[in-house]
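Topology and contacts: notes
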Amino acid sequence: MGKIIAIANQKGGVGKTTTTVNLAAALGVLEKKVLLIDADPQANASSGLGIIVEEVENGSYQLLEHTISAKEAIVATTSPNVDIIPAHIDLVAIEIELVDKNQREFKLREALAEIKNDYDYILIDCAPSLGLITLNALVAADSVIIPIQCEYFALEGLGKLLNTIKSVQKIHNTNLDIEGLLLTMYDSRLRLSNQVVEEVKKHFQNMVFKTIIQRNVRLSEAPSFGESIIAYDATSKGAVNYINLANELLKQHNKDGKSS
């Protein structure tokens, strides 16, 4: 049975899209079948996997509208074993359009029901907000990964996100787990980075992934070529980090019996 994981944090610039794209690619290389859903109107996950965003006709907007099926929205990527449901700037309108719809928080879950078991993992790249699109992602998901930047304001707003997750667990999705907190943009030369790591581990202990994503120039360059870091430079620090994260995730799921 497939597992749906939302990658969420309402703070921008913490590595959500970088994590979604590269974790998807890493899981694909490890021979898992992966679907990436771009649920961010900026559509960076789509362009980061080589999709020409301006040409997207069927994507996450139409999926949430229920004007197409999930199967009709899926596009193959050049990344091994990775498909995508891309986004377009028109996705920004869905927040307004869903407001007066019945069961508006469940639109994504309903749309994914028919394809959930076609994939080992479905990863949802969430927008940097706690709006209706992100709520749909959390309601559809089995678990959530929260990227946290190793910088001064790392924990700012985290309480709000955790409260939102608790609310979703209570009202809409009792099975939602926190997969883990992922420390990103780590620079071992900076005392501040090390302080943030210590602080997060002290507060959240076993909820924090052992893998830490380090700052890496190649990781920043890859999206401009429409490639994951695995395709762009498989020997780079960034590629090694995300392969390690994928292995950690698989090991955890095999231990818990949560994933195929």
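The text that follows walks through the structure, step by step, so that each part is easy to find.

The rules we used
Residues numbered from 1 in each chain as written. Predicted model: local features only at pLDDT ≥ 70, side-chain atom pairs only at ≥ 80, totals over all residues. Heavy atoms only, no water. Buried < 20%, exposed > 50% of the residue type's maximum accessible area, 1.4 Å probe, protein only. Helix = DSSP H or I, 4+ residues; strand = E, 2+ residues; numbered from the N terminus. Pairing = 2+ DSSP bridges. 1 Å grid on protein atoms, 1.4 Å probe; cavity = no way out; pocket = protein on both sides within 12 Å on 5 of 7 lines; lining within 4 Å. Points joined across faces, edges and corners; volume = space filled by probe spheres on them. Nonpolar A, V, L, I, M, F, W, Y, C, P; charged D, E, K, R; others polar. Phe/Tyr/Trp six-rings, centres within 6.5 Å; stacked < 30°, edge-to-face > 60°. Lys NZ or Arg CZ within 6 Å of the ring centre and 35° of its normal. Patch = residues over 30% accessible without salt bridge, like charges linked within 9 Å, V, L, I, M, F, W, Y side chains within 5 Å. Areas by Shrake-Rupley, 256 points an atom, 1.4 Å probe, with all protein chains shown as cover. Salt bridge = Lys/Arg side-chain N within 4 Å of Asp/Glu carboxyl O. Polar contact = N/O pair within 3.5 Å; in protein donor to acceptor, adjacent residues only side chain to side chain. Contact = heavy atoms within 4.5 Å.

1. Considering the pairing of strand S5 (residues 121-126)
With respect to burial, S5 is a largely interior element, six of its six residues being buried. Side chains of S5 alternate between two faces, with Tyr 121, Leu 123 and Asp 125 and Ile 122, Ile 124 and Cys 126 buried alike. Sheet analysis places strand S1 (residues 3-7) next to S5, joined by five bridges and oriented parallel. In the sheet register, Ile 5 faces S5, and the bridge partner there is Leu 123. Where strand S2 (residues 34-39) lies against S5, six bridges are found, and the strand directions are parallel.

2. As for the layout of surface pockets
A volume near 470 Å³ is recorded for the largest pocket. Taken together, 17 residues form the lining of the largest pocket, with Asn 206, Lys 210, Glu 248, Gln 252 and Lys 255 sitting closest to its centre. Where the lining of the largest pocket is concerned, the elements lending two or more residues are strand S7 (177-184) and helix H12 (237-256). Top element by residues in the lining of the largest pocket is H12. It accounts for six residues. Partitioning the lining of the largest pocket into residue classes produces five nonpolar, four polar and eight charged.

3. With respect to the packing of aromatic side chains
Two aromatic rings, taken as a pair, are described by how far apart their centres are and by the angle between their planes. Tallied over the entire structure, the rule returns one aromatic pair. Residues Phe 225 and Tyr 232 carry aromatic rings whose centres are separated by 5.0 Å and whose planes lie at 25° to one another, so their mutual orientation is stacked. Residue Phe 225 is classed as exposed on the basis of its relative accessible area, which comes to 53%. Sitting above the plane of the Tyr 119 ring, Lys 33 keeps its charged end 5.0 Å from the centroid.

4. Looking at a nonpolar patch on the surface
A contiguous nonpolar surface patch, about 440 Å² in accessible area, is contributed by Tyr 152, Phe 153, Leu 190 and Leu 192. Looking at the secondary structure, you find Leu 192 in helix H9 (residues 191-204). For Leu 192, a relative accessible area of 35% translates into the label partly exposed.

5. Examining the side chain of Thr 77
Relative to the helices and strands, Thr 77 resides in the loop between strand S3 (75-76) and strand S4 (82-85). A relative accessible area of 14% places Thr 77 in the buried class. In terms of polar contacts, Thr 77 uses its side chain to reach the backbone amide nitrogen of Ser 79, at 3.1 Å. There is a polar contact of 2.7 Å between the side chain of Thr 77 and the backbone oxygen of Val 82. Residues in contact with Thr 77, not counting those within four places in the same chain, are Leu 49, Val 82, Asp 83 and Ile 84.

6. Quick word on the pairing of S1
Counting buried residues in S1 gives five out of five residues, a clear majority hidden from the surface. Where S1 lies against strand S6 (residues 143-149), three bridges are found, and the strand directions are parallel. Each residue of the ladder has a partner; that of Ile 5, found in S6, is Ser 143.

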